[in-house]
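# Summary of structural features
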Amino acid sequence: MKRRFTTGIALCFAAAVCLASASDSLDEIIQAAEKEANDEAVAAARKARTPVPEERIRLSVSDMRVEYHGSPIGMDEPKPRFSYRVSPVGGAWTVLDPETTPPKHQTARRIVVKEKKSGRQVWDSGWVESGETIQIEYEGEPLKPFTAYTWTVTVKDEKGRISESDETCTGPYYFTSTFETGFLGTPWEAEWIGTEPHSENLQPVPVFRGEAPSVPDAVEARLYITALGLYKPYLNNRDIFEETTTSSLSSGDPVCMTPGWTDYYHRVQYQAYDVTELIGKNTKNVLTIYLAEGWYAGRISRLWSDGNKPTYGDQPLLKAELHIRRADGSVVKLVTGKDWKYKDSRYVMSDIYDGETYDSTIDTAARPFKDAVVFKSEALDRIAIEWNSGEFVRERERLSPKSIRKLDDGTWIVDFGQNFTGRERINLHGNAEKGDVVRVRHAEMLNPDGTLYTDNLRSAKATTTYVSQGHHEIGVYEPQFTFYGFRYLGIEGWPNRLGAETIDFFSRDCVSAEAVYSGLRKTGDFTCSEPLLNKLFQNIVWGQKSNFLDVPTDCPQRDERLGWTADTQVFANAATYNMDAAAFYTKWLRDLNLCQSPEGGYPSFAPDQYQYAAAKDDDFFGYASGWSDAGLIVPWILYTKYGDKRVLELYFDNMVKWLDFQERKSGGTYIIDNAVYGDWLNMDADLSKPFVSTAYFAAMNTLAARIARAIGREADALKREEVFRKTKEAFRARFMDENGELKEKTQTAALFVLDFGLCDEKERKNALEFLVTDITETRKLHLSTGFLGTPLLLRVLTENGQVDLAYKLLLQTSFPSWLYPVTQGATTMWERWDSWNEERGFGDVSMNSFNHYAYGAVADWFYETICGIRPIPDDPAARGFKRFRLEPQPGHELKSASAHYDSAYGRIESGWERRENELVWNFTVPCNTTAEVVFPCPADKVPAHPGLTRTEKGSVFLAKPGKYTFTLPLN
Ligand code: BGC
């Protein structure tokens, strides 16, 4: 049964409180519960809305997390970090009213951790006077492996009122959660097993089998499992992905594509599943596990190697331990080893690039089992098996066809109306003959004649082939060890009717699809009065969904799907507003750092299966300016968004290593020459490589100085500032002429100079003038920027007094622009400004994805400028949005706009609407935070409000937690 969240979990008052304070308003919960006719949940939520007596007004704790996860199992971080949110319970429930009595802030907290079974206390933080509710590091006794813990939070508000867990769950205060450790460094008993040694890929998928005796007094069971490849496990014929819970809070949807993609040279993740309910107490326990090639041994790990040779390893391998705990505490284990058996399954082939072939006519029962082979080597010993710190990939959304048409050659063309990443589900309803072959191809676009446009897939076959069992066939087939980027299917060999002019129930039942992506929670949204902009925003979100599949990828469809680092760094700011990407990026950063070359080069993509960074050939693919710099930029974004100081501390030395390496290579000139890809995919506005890399190097030194300060390394900060100064001078000497004009003139050149501070005052003026003239006159209100310039464009214009021009560019609909693809029916972001245009049709087929998120970086401007929600990055007390900025800049072209962002501390909202000569601005400052507010009108026209204090800066006000509405004069 597929698990999905419903309001059904809001069964008690406390749960409803938690739910509401996590993100949704109680009204939304009530509405949802009413829709589902869930009377209990409706009643609970209504009760939660009823004001409680003064004496019960307290802070409430919700959204308790450990290392960013809900109640993780198999968690191996020795010093896990706790986080939670506080919100007011009581009179101030539905209206977070700045004028009412507190609580508004946490003033102290106490965390107690106990072993769950024995109740033994292992940590009591004591009362800590602090308002922080995130990134609280565990400081208790060393954690034990395979042990469940409870943790409880108690908080005080500004009146000293204490909020404690009410163990009976009858009151509103229930602030206990759990986590469970995994191996925590203890060795695995299981061995790596595989089939007969071979080094070919595109082979049948084997299924392995191991048996444990029945355990009549079993009380609990966990499966710990990993693979160099992809695994799919069944226990006693029950699908573990479908039937068990995993550690993530983000969603209950089935997981897939495990164990995910890491730098397999150094590490692989394992997952832990609670399989207690699947254990046979009176029957033996049989584990069957499919093992596909995946990222480890499939084409994605071979395509660019010399002669398509394997890189990580020759063939997929598997390792698993089933721990069945008995009533007396002893553990019965089933571990992979030489007593395991295997045979080939009906999956004749499965590959991430090429797709999957499944032959249901194969009589697997008739196939004899063979002995599994145990693999041992030093290379295998070097691969650390680490806990699943990232988010599980899951089947997140079911999509139905929007239209189905039959071509003259009999091919059915199915259109889902949305480009996305996932897999189709087909149900032949027993209409085929035994041996009939159904072939499904995937495409993002159609050719003018209505056939699939697949040229842009390059060598990826992206095809599902299904061989039917015949008339008694029932059920749905969905590929399991691959994924496709597509909007359209082309189906050949379908046995009978599939669709008609209108989609009916039958066709929906025959063909549907699952969107597959990492289970991140949505944390942001944006909407405004301009429908095209709303669609652009939705397309950006789909770009994120489609390319957040365990690794942040460039694209999901062609023979690439790699963790390209520039794509990641330019999009990460927008991405972390749209979704909670803390665990996702933290996991990826570990791999990025493991892939750093011994000299210091961060790779151009991570994981780097070809080890290009280490073996850089100077033309392509190794380290590159703007790409490798993700090693600094992404940790910084995690710090500003989530207050994560640990990533900065962990990787600071690596960052410096990368910068020092470039400095060394410049031979003391400070002119850097690493910009392999330049300002990638710009519109006829190339820059020289030294220009791009010297500018980026300068900017990264500035950023490194900020990072050094954030972690208290002042001497390093000074050193970085010194390198910046030298680089700036070298840059000016080389790239500015005697009149203070840029020698290379493109929009990106001017943006770099302005944003990175590579100019004196005269040069700044010149650069700005050039930028504005180039946009408005030379290019008639169009951009020319590529991957590196585009993310800066609107922000730099805004910061330089050109907000109106920024709006005009954003709302431009003619080519090239953000909205042009939207006017052409795009449902995702395109790789190129000219991936398709009316004049020339499809763009350069050698590289033409219709699902690339890089240009979607612009969404951060929607949050930060249109609606004005922004972090205050360099103030340590502000980290994680404890304190933040609200400063919308309403554009004349829009009548209204609103956004929200569920920060680590709670939901921030900002929405404005023009009315005649007035602007109505609503905003929300979550509990336990402070907003620095700059109004979109002169400060002395701001009406007095008890929640607001004007600061000595004049235009900046401080706002207490609360919901505010202001009617302001329009300029
Ligand atoms: C990818 C890009 C990537 C680039 C490097 C392309 O093939 O799709 O998004 O950043 O290579 O230039």
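Here the structure is a predicted model, which is why all the values come from computation and not from measurement. (Residues numbered from 1 in each chain as written. Predicted model: local features only at pLDDT ≥ 70, side-chain atom pairs only at ≥ 80, totals over all residues. Heavy atoms only, no water.)

### Section: the site of the ligand
The cut-off we apply is this: Whether a residue is near a molecule or strand depends on its heavy atoms: if one lies within 4 Å, it is near. Under the rule applied, a polar contact is a pair of N or O atoms within 3.5 Å (in protein, one hydrogen donor and one hydrogen acceptor; residues adjacent in sequence only if both atoms are side-chain atoms). Residue exposure ignores everything except the shown protein chains as possible cover, and the areas themselves are Shrake-Rupley values with a 1.4 Å probe. In the scheme used here, Gly and all other residues not listed as nonpolar or charged are polar, with Ala, Val, Leu, Ile, Met, Phe, Trp, Tyr, Cys and Pro taken as nonpolar and Asp, Glu, Lys and Arg as charged.
In the region of the ligand, the neighbouring residues are Asp554, Arg558, Glu560, Trp564, Asp567, Trp627, Tyr677, Trp680, Phe787, Glu831, Met847 and His852. Within the side chain of Arg558, an N or O atom sits 2.7 Å from an oxygen atom of the ligand. Here Glu831 contributes a side-chain N or O atom positioned 3.5 Å from an oxygen atom of the ligand. Expressed as a share of its isolated accessible area of 310 Å², the protein-covered part of the ligand is 96%. The class makeup of the residues in the shell around the ligand is six nonpolar, one polar and five charged.

### Description of the sheet that holds strand β47 (residues 962-969)
Stated precisely, the cut-off is as follows: Any two strands with at least two DSSP bridges between them are considered paired. Secondary structure elements are taken from DSSP: a helix is a run of H or I of four residues or more, a strand is a run of E of two residues or more, and numbering for both begins at the N terminus. Every axis corresponds to a line fitted to the C-alpha atoms, with the helix fit spanning only the stretch in contact, and the corresponding angles, defined between N-to-C directions, vary from 0 to 180 degrees. Residues count as neighbours in contact if any of their non-hydrogen atoms are within 4.5 Å of one another.
The strand order β34-β41-β42-β43-β47 describes an open sheet built from five strands, whose pairing is antiparallel. On the outer flanks of this sheet lie β34 (524-528) and β47, each paired with one strand and no other. Put simply, the sheet's adjacent strands are angled 10 degrees from each other on average, direction ignored. When strand β41 (residues 896-903) meets strand β42 (residues 906-915), the two strands line up antiparallel, connected through eight bridges. Opposite Tyr901, over in β42, you have Ile908 as the bridge partner. Its contacts with the sheet put helix α20 (residues 859-866) on β34, β41 and β42, and the angle it makes with β34 is roughly 75 degrees.

### What about the packing of aromatic side chains?
Quick reminder of the rule: Pairs were defined over the aromatic rings of Phe, Tyr and Trp, the Trp ring being its six-membered one, requiring ring centres within 6.5 Å. Orientation was assigned from the angle between planes: stacked under 30 degrees, edge-to-face over 60, tilted for the rest. Under the scheme applied here, a residue whose accessible area is under 20% of the maximum for its type counts as buried, over 50% as exposed, and between as partly exposed, the area being computed with a 1.4 Å probe on protein chains only. Here, a charge over a ring means that NZ of Lys or CZ of Arg falls within 6 Å of the ring centre while also lying within 35 degrees of the ring normal.
On inspection of all chains with the given rule, the structure shows 83 aromatic pairs. Ring geometry for Phe416 against Phe486: centres 6.0 Å apart, planes inclined by 85 degrees, an arrangement best described as edge-to-face. Residue Phe416 is located in strand β27 (residues 412-426), and its partner Phe486 is located in strand β32 (residues 484-492); the two are separated by 70 residues in the primary sequence. Ring geometry for Tyr696 and Phe752: centres 5.7 Å apart, planes at 75 degrees, overall edge-to-face. One end of the pair, Tyr696, is in helix α13 (residues 689-710); the other, Phe752, is in helix α15 (residues 747-756), and 56 residues separate them in sequence. One exposure class covers both Tyr696 and Phe752, and it is buried. Just above the ring of Trp127 sits the side chain of Lys156; from NZ or CZ to the centre is 4.4 Å. We note Lys545 situated over the ring of Trp542; from NZ or CZ to the ring centre the distance is 4.0 Å.

### Topic: α15
Note on helix geometry: an α-helix contains 3.6 residues per turn, so any two residues three or four positions apart are oriented the same way. Among the ten residues in α15, nine count as buried, and that is most of the element. Among all positions of α15, only Gln747, Thr748, Ala749, Ala750, Leu751, Phe752, Val753, Leu754 and Phe756 are buried. At the exit of α15 stands Gly757, carrying a positive phi of roughly 70 degrees.

### What about the nonpolar core?
Considering soluble globular proteins, one finds that nonpolar side chains tend to be buried as a cluster. Short version of the rule: Among the buried residues, those of types Ala, Val, Leu, Ile, Met, Phe, Trp, Tyr and Cys that are joined through side-chain atoms within 4.5 Å form a nonpolar core.
Ranked by size, the top nonpolar core spans 250 residues in total, and within it Leu533, Leu536, Trp818, Ile866 and Phe935 carry the most contacts. Among the elements that make up this core, the one with the highest residue count is α13 (14 residues). Ignoring any residue separated from it by four or fewer positions in sequence, one finds Phe935 in contact with Trp921, Phe923, Val942, Leu948, Phe957, Phe966 and Leu968. Of all hydrophobic cores here, the second largest spans 31 residues; its members include Ala212, Leu223, Ile225 and Trp340.

### As for the packing of helix α10 (residues 582-594) against helix α11 (residues 630-642)
How we decide: Working definition: roughly parallel below 35 degrees, roughly antiparallel above 145 degrees, roughly perpendicular at 65 to 115 degrees, and oblique for all remaining angles. The crossing is said to be left-handed when, going from far helix to near helix, the turn is anticlockwise and less than a right angle, and right-handed when the turn is clockwise.
Contact geometry for α10 and α11: axes closest at 11 Å, N-to-C directions at 155 degrees. Put simply, α10 runs roughly antiparallel to α11. In this structure, α10 crosses over α11, and the sense of that crossing is left-handed. Contacts from Ala582, Tyr585, Thr586, Trp588, Leu589 and Leu592 of α10 reach α11 at Ala630, Gly631, Val634, Pro635, Leu638 and Tyr642.

### Considerations on the pattern of salt bridges
Where we set the bar: The rule for a salt bridge is simple: a side-chain nitrogen of Lys or Arg has to be within 4 Å of a carboxyl oxygen of Asp or Glu.
If you walk through the whole model with that rule in mind, you get 75 salt bridges. Linking Arg713 and Asp653 is a salt bridge whose minimum nitrogen-to-oxygen distance equals 3.0 Å. Pair noted here: Arg713 is in the loop between α13 and α14 (714-735) and Asp653 is in helix α12 (residues 645-665), with a separation of 60 residues, a long-range link. Overall, Arg713 belongs to the partly exposed group, its relative accessible area being 28%. Close ionic contact of Arg885 with Glu932 constitutes a salt bridge, the shortest N to O distance being 2.9 Å. In this pair, Arg885 is assigned in strand β40 (residues 883-886) and Glu932 in strand β44 (residues 930-934), connecting sequence segments 47 residues apart. Residues Arg885 and Glu932 agree in their burial class; the two are buried.

### A look at the pairing of strand β1 (residues 58-66)
In terms of burial, β1 is a largely internal element, nine of the nine residues being buried. Note: β1 against strand β2 (residues 81-89), seven bridges, orientation antiparallel. Among the inter-strand pairings, Ser62 is bridged to a residue of β2, identified as Arg85.

### A word on α14
Our working rule: Multiplying 1.5 Å by the residue count of a helix minus one yields the expected span of that helix.
Counted at 1.5 Å a residue, the expected span for α14 with its 22 residues is 32 Å, and the 31 Å between its end C-alpha atoms agrees. For α14, the complete set of buried residues consists of Ala717, Arg720, Val723, Phe724, Thr727, Lys728, Ala730, Phe731, Arg732 and Phe735.

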